[in-house]
Amino acid sequence: IGVQEALHGQMTDLQERLPQFKYAGVGRDDGKEKGEYSAIFYDTTRLQSLQTKTFWLSETPEVAGSKSWDAAITRIVTWIKFRDKKTKKIFFAFNTHFDHIGKVARRESAKILLQKVKEIAGNTPALITGDFNAEPADEPVQVIKNVSNPLHLTDAKEVSLKPHYGPTGTFNGFKSKERNDQPIDYIFLKGKWKVLKHATISQTWEGLFASDHFAVL
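Enquirer: Could you give an account of helix α2 (residues 103-121), with specific residues and numbers?
Expert: Since the α-helix packs 3.6 residues into each turn, any two residues three or four apart lie on the same face. Between its first and last C-alpha, α2 extends 27 Å over 19 residues, near the 27 Å set by a 1.5 Å rise per residue. Taken residue by residue, α2 has A105, R106, E108, S109, A110, I112, L113, L114, K116, V117 and A121 as its buried positions. Buried positions along α2 lie against β3 (47-56), β4 (76-84), β5 (90-97), β6 (126-131), α3 (139-145) and β8 (185-190). Following α2 by one or two positions, G122 has its phi on the positive side, about 60 degrees.

Structure representation (structure tokens):
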């Protein structure tokens, strides 16, 4: 489960409610507990974390709290190298949240993300989740999916064996339905994957909903 905008107290709450899960991630402001996390929760009964780290979407990715270009806010990517206890396969998971204001920052973040996925995961399969604050026609997603670039990623929705379930829009702005038909949250893939189904989870519970975005499965 990739979370975005999670504060430390929310991380603690989720951890308490998901006893068989652990998480990897840090607060984006100081690389510890301050600011929002783009963390990854994982089921410890199925997955073993072999390595994990966070980098910043800036010109100095290793510097905690750094931001560049026209970014309004510090942005990060947290990743984990996993071993599947059942299949013994190794894969990587990356989780991120692109800037909501900076157009240049989003474009440059897309480039850094592609470079880092290659640098960190190499030829090992990887999945990349996040709120990209960009619709499919926008530059960041075009950069990520550009098939002429050997580093490009594939949108999981486009290779799902079953048709997409639920609304295509993923942003609801704290209303019970999507604002429009364009997603800004994605699951991208690198390497060999088989996607059985893809969905946007838009259910509400007695008028309550989980977030101002719908979860993508």
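Enquirer: Mind laying out the pattern of salt bridges, listing which residues take part and the relevant values?
Expert: Counted according to the given criterion, the structure contains ten salt bridges. In this structure, the salt-bridge partner of R107 is E108, at a minimum N-O distance of 3.1 Å. Exposure remark for R107: the relative accessible area of 24% places this residue in the partly exposed category. Among the charged side chains, a network of salt bridges with common partners joins K53, E62, K116 and E119.

Enquirer: Describe the sheet that holds strand β7 (residues 154-155), naming the residues involved and giving the relevant values.
Expert: Overall, mixed pairing links the six strands, which are arranged β3-β4-β5-β6-β8-β7 in an open sheet. Looking at which strands have only one partner, the edges of the open sheet turn out to be β3 and β7. Pairing of β4 with β5, which is carried by seven bridges, proceeds in the antiparallel orientation. Within the sheet, the bridge partner assigned to K81 lies in β5 and is F92.

Enquirer: Help me get a handle on the environment of D13, residues and values and all.
Expert: Relative to the assigned elements, D13 resides in helix α1 (residues 8-17). Between the alpha carbons of D13 and V216 there is a distance of 21 Å; along the sequence they are 203 residues apart.

Enquirer: Got a sec to walk through the packing of aromatic side chains? Specific residues and values, please.
Expert: Here the structure, examined in full by the defined rule, presents twelve aromatic pairs. When the centroid spacing of 5.1 Å and the interplanar angle of 65 degrees are considered together, the rings of Y42 and F82 count as edge-to-face. With Y42 in strand β2 (residues 40-43) and F82 in strand β4, this residue pair connects regions lying 40 residues apart in the sequence. There is no split in this pair, since Y42 and F82 are both buried. Between the aromatic rings of Y186 and F188, the centroid separation amounts to 5.2 Å while the plane-to-plane angle is 15 degrees, which identifies the pairing as stacked. The residues Y186 and F188 share a single accessibility class, namely buried. By way of ring pairs, the aromatic residues Y42, F82, F91 and W193 are connected into one cluster. We note K116 situated over the ring of F55; from NZ or CZ to the ring centre the distance is 5.3 Å.

Enquirer: Describe the pairing of β8, naming the residues involved and giving the relevant values.
Expert: Of all six residues that make up β8, six are buried, and the element is covered over most of its length. Burial of β8 is two-sided: the residues D185, I187 and L189 facing one way and the residues Y186, F188 and K190 facing the other way are all buried. Here six bridges tie β6 to β8, and the two strands are oriented antiparallel to one another. Within β8, the residue paired with A126 across the bridge is K190. In this structure, β7 lies alongside β8, joined through two bridges in antiparallel fashion. Across the sheet, residue T154 finds its bridge partner in β8, namely L189.

Enquirer: Can you break down a nonpolar patch on the surface residue by residue, with the values?
Expert: Where nonpolar side chains cluster on the molecular surface, the patch consists of Y165, I201 and L217 and spans about 290 Å² of accessible area. You can see L217 is positioned in the segment after β10 (215-216).

Rules used throughout
Residues numbered from 1 in each chain as written. Predicted model: local features only at pLDDT ≥ 70, side-chain atom pairs only at ≥ 80, totals over all residues. Heavy atoms only, no water. Helix = DSSP H or I, 4+ residues; strand = E, 2+ residues; numbered from the N terminus. Expected span 1.5 Å × (residues − 1). Buried < 20%, exposed > 50% of the residue type's maximum accessible area, 1.4 Å probe, protein only. Contact = heavy atoms within 4.5 Å. Salt bridge = Lys/Arg side-chain N within 4 Å of Asp/Glu carboxyl O. Pairing = 2+ DSSP bridges. Phe/Tyr/Trp six-rings, centres within 6.5 Å; stacked < 30°, edge-to-face > 60°. Lys NZ or Arg CZ within 6 Å of the ring centre and 35° of its normal. Patch = residues over 30% accessible without salt bridge, like charges linked within 9 Å, V, L, I, M, F, W, Y side chains within 5 Å. Areas by Shrake-Rupley, 256 points an atom, 1.4 Å probe, with all protein chains shown as cover.

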